[in-house]
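Breakdown of the fold
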Amino acid sequence: MSPKFDYSLHYAELDLRAQPELYRVGVGEQGVLLVQPYKSEILPHWRFATPDAARESSETIYALFLDYLKAGDFVGADMARKFLQMGFTRSRRYANHKGGKKYDGPVPDDKKGQSGAHGRAELPRTPEDPVKAESARIFKAKWEEAEANADYARMKKAHKAAYG
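So, a few notes on the structure that sits alongside this text. (Residues numbered from 1 in each chain as written. Predicted model: local features only at pLDDT ≥ 70, side-chain atom pairs only at ≥ 80, totals over all residues. Heavy atoms only, no water.)

What follows deals with helix H3 (residues 74-96). In this model H3 runs 33 Å from its N-terminal to its C-terminal C-alpha over 23 residues, within 8% of the 33 Å that 1.5 Å per residue would give. In this structure Asp-73 caps H3, since a side-chain oxygen of it lies 3.4 Å from the backbone nitrogen of Val-75. (Helix = DSSP H or I, 4+ residues; strand = E, 2+ residues; numbered from the N terminus. Expected span 1.5 Å × (residues − 1). Polar contact = N/O pair within 3.5 Å; in protein donor to acceptor, adjacent residues only side chain to side chain.)

Turning to the nonpolar core, a few remarks are in order. One finds Tyr-23, Val-35, Tyr-38, Ile-42, Phe-65, Met-79 and Phe-83 to be the most contacted residues of the largest nonpolar core, which totals 34 residues. For this core, the secondary-structure elements that each account for two or more residues are helix H1 (38-42), helix H2 (51-70), H3, helix H4 (130-147) and helix H5 (150-163). If you tally residues by element for this core, the top one is H3, at nine residues. Ignoring anything within four residues of it in the chain, the contact list for Phe-83 reads Val-32, Leu-33, Lys-39, Ile-42, Leu-43, Trp-46, Ile-61 and Phe-139. (Core = buried A, V, L, I, M, F, W, Y, C linked by side-chain atoms within 4.5 Å. Buried < 20%, exposed > 50% of the residue type's maximum accessible area, 1.4 Å probe, protein only. Contact = heavy atoms within 4.5 Å.)

Bringing the packing of aromatic side chains into the picture now. If you walk through the whole model with that rule in mind, you get twelve aromatic pairs. Summarising the aromatic geometry, the rings of Phe-65 and Tyr-152 are spaced 5.5 Å apart at their centres and angled 55° between planes, so their arrangement reads as tilted. In this pair, Phe-65 is assigned in helix H2 and Tyr-152 in helix H5, connecting sequence segments 87 residues apart. Pair check on accessibility: Phe-65 and Tyr-152 agree, each one buried. Taken together, Phe-5, Tyr-7, Tyr-11, Tyr-23, Tyr-62, Phe-65, Phe-74 and Tyr-152 form an aromatic cluster joined through their ring pairs. (Phe/Tyr/Trp six-rings, centres within 6.5 Å; stacked < 30°, edge-to-face > 60°.)

Along the chain, the position of Ser-58 falls in helix H2. Residues in contact with Ser-58, not counting those within four places in the same chain, are Leu-84, Ile-138, Phe-139 and Lys-142.

A few words now on the packing of H3 against H4. At their nearest, the axes of H3 and H4 sit 8 Å apart, and the two run at 155° to each other. When the axis of H3 is compared with that of H4, the two are roughly antiparallel. You can see that H3 and H4 cross each other, and the crossing is left-handed. Within the contact between the two elements, H3 uses Arg-81, Phe-83, Leu-84, Gln-85, Gly-87, Phe-88, Ser-91, Arg-92, Tyr-94 and Ala-95 and H4 uses Lys-132, Ala-133, Ser-135, Ala-136, Phe-139, Lys-140, Lys-142, Trp-143, Ala-146 and Glu-147. A class-by-class count of the residues in the contact of H3 with H4 yields ten nonpolar, four polar and six charged. (Axes fitted to C-alpha atoms, helices over the stretch in contact; angles between N-to-C directions. Parallel < 35°, antiparallel > 145°, perpendicular 65-115°, else oblique. Left-handed = near helix turned anticlockwise from the far one by under 90°. Nonpolar A, V, L, I, M, F, W, Y, C, P; charged D, E, K, R; others polar.)

Take the environment of Ala-148 next. Looking at where Ala-148 falls in the secondary structure, it is placed in the loop between H4 and H5. Here the alpha-carbon distance between Ala-148 and Glu-29, two residues 119 residues apart in the chain, equals 17 Å.

Considered as a void within the structure, the largest pocket measures approximately 740 Å³ in volume. Arg-90, Arg-93, Gln-114, Ser-115 and Gly-116 are, among the 28 residues lining the largest pocket, the residues nearest its centre. Taken together, the residues of the lining of the largest pocket break down into nine nonpolar, ten polar and nine charged. Its volume calculated, the second largest pocket comes out at about 160 Å³. Around the second largest pocket, the lining is made up of 14 residues, and of these Pro-20, Gly-72, Asp-73, Phe-74 and Val-75 lie nearest the centre. Residue assignment for the lining of the second largest pocket shows that the elements contributing at least two residues are H3 and H5. (1 Å grid on protein atoms, 1.4 Å probe; cavity = no way out; pocket = protein on both sides within 12 Å on 5 of 7 lines; lining within 4 Å. Points joined across faces, edges and corners; volume = space filled by probe spheres on them.)

The following block contains the structure:
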């Protein structure tokens, strides 16, 4: 298992393109809304409200993923992969929970920016929203395409071997 994503770093002040050794893949989407300059490059393209928006967004983010790979930038590629994954998970959340609120109560102050229930109960699911479910399907296909990319797998293995 890879080392956990390091939430103690001050990502707003760091450029992980210049310091890729500081990046840890972590689990799932950890750090997706923190790591710069990638957050600023990818987030403006991230949309999932409708299948058309999800299609355009996932294709743009996947193109960025391929560009990062071509440039030998594993951190950028992994961040793009995380945005694709987050497109899937957020679409599914909205498909299952009207308004997108999955857990009861606020996120504890010491857990802001981290994913998870943090001891909160999950709210009951609402009838599935077919529009958000289709957006999720679109993002999932691109996320799986990214995960299956041989260059990405090779670079991920090398990054983990070099930096943990």
